[in-house]
Protein chains: 2
Amino acid sequence: MNLKSQVEWALHCAAVLAGLPEGRYLSTKALAEFHGLPKEYLSKALQGLSQAKLVDTTLGPSGGYRLARPASDITFLDIVEAVEGKGRTFVCNNIRANNPCRPAGFCDDKPCGIARIMWQADEAWRRTLADAKLSDLVAGLAKDVPADIMAASRDWVLERAG
Amino acid sequence: MNLKSQVEWALHCAAVLAGLPEGRYLSTKALAEFHGLPKEYLSKALQGLSQAKLVDTTLGPSGGYRLARPASDITFLDIVEAVEGKGRTFVCNNIRANNPCRPAGFCDDKPCGIARIMWQADEAWRRTLADAKLSDLVAGLAKDVPADIMAASRDWVLERAG
DNA sequence: GTAATCAAGGATAATCTATATCCTTAAAAA
DNA sequence: TTTTTAAGGATATAGATTATCCTTGATTAC
């Protein structure tokens, strides 16, 4: 049970977009090159962000993506769900209904006890991601990443941002 | 990102095994029939429980599975991990290392900030499952499932338990 | 106005995982 | 001695993931 790698890509791309100056855009090409990712496929992940209205886009040269909201208004959960979907990890197939001892046509009034627990775990997972803001990530990077690499990356991005 | 359906099957089977009288065993065949599942494939899930030492087995007629420990000592996490594996949902491919602005051979001392958050969410998920005991599930079933179905199921199982 | 660049998204293919079935082996019970 | 069982290997099918390529229409640069 793995998240798709596009989730990782989208999170990294969102972090880069969060560092863009107001009003500038960064293209799929630049984001793919910066992260060493296949451009065409990364594009699908970015389309997911766009459909979820987490990013704005423009076309043409100097076009690309920028965040649609402040990084403090975007959570990890927003990004993960935009790419991975909103489905739960546990799918209940209600196999208790196959119990041969059941009267035919018996109908359950509550979800299965197993599903309830599994969905609680899913909720705990989502809550953690909903509590993690993109702005927190960016602040953390500023501490973790050496200043020279940080500065060089900023320059690299600004050279390519439309 | 879905758990395999075998996780659901294993949880339901564990709940049934928890209802077995001391020392009795229940076969794959009976468990498959009770839940309306393909016997051969369910067998793989039960083998997972066996490898994780959550259940004991015996061979021959009247053989099958029983819990290796009291249901109060078995958690949802034990069962989920036995079938699904212990891997995390988020796999970090460390794509920050592809940053063209990095000095060659630069080595990260900390895991990526993105991975840290994603792994926190995984931990919250696991913690929830670790807090859910199989005995709690069984107690819940006794409340949710109508008494007549409960009794008929017990009889059905006892007829087949070796 | 023209050419280049871009996001969006459709079509297709390759690879991996989940799902499932079948068969053999060795152990235990009837 | 025969039947039943778990374990596990081999194989097959379906579906999801991971790509790649191409077209379309919008936007910018020249």
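Please read all numbers here as calculations on a predicted model, not as lab measurements.

Student: Any chance you could explain the protein's contact with DNA strand C here in plain terms?
Tutor: As a matter of local geometry, DNA strand C sits amid 25 residues, with A:K44, A:S50, A:L59, A:Y65 and B:K4 nearest to it. For DNA strand C, the fraction of protein-proximal atoms (within 4 Å) that sit in sugar or phosphate groups is 58%. A:Q47 has a polar side-chain atom sitting 3.2 Å from a base nitrogen of DNA strand C. Between DNA strand C and A:Q51 there is a distance of 2.9 Å, counted from a phosphate oxygen to a side-chain nitrogen or oxygen. Mapped onto the surface near DNA strand C, the elements with two or more residues apiece are α3 (39-51), β1 (55-58) and β2 (64-67) of chain A together with α1 (5-18) and α3 (39-51) of chain B. In terms of residues, the surface near DNA strand C owes the most to one element, α3(A), which gives 4 residues. For the surface near DNA strand C, a count of residues per class yields 8 nonpolar, 13 polar and 4 charged.

Student: Got a minute to help me understand the relation of the copies chain B and chain A in this structure?
Tutor: Each copy of the chain is related to the other by a rotation around an axis and a translation along that axis. For the pair chain B and chain A, the relating rotation is 180°, the translation along its axis is 0.0 Å, and the fit reaches an RMSD of 0.0 Å. These values place the two chain copies in the arrangement generated by a two-fold rotation axis. A high fraction, 100%, of the interface residues of chain B reappear at the interface in chain A, so the copies pair face to face through one surface.

Each value, and the rule that gives it
- Residues numbered from 1 in each chain as written.
- Chains lettered and ligands numbered in written order.
- Predicted model: local features only at pLDDT ≥ 70, side-chain atom pairs only at ≥ 80, totals over all residues.
- Heavy atoms only, no water.
- Near = heavy atom within 4 Å.
- Polar contact = N/O pair within 3.5 Å; in protein donor to acceptor, adjacent residues only side chain to side chain.
- Helix = DSSP H or I, 4+ residues; strand = E, 2+ residues; numbered from the N terminus.
- Nonpolar A, V, L, I, M, F, W, Y, C, P; charged D, E, K, R; others polar.
- Least-squares fit on C-alpha atoms with pLDDT ≥ 70 in both.
- Contact = heavy atoms within 4.5 Å.

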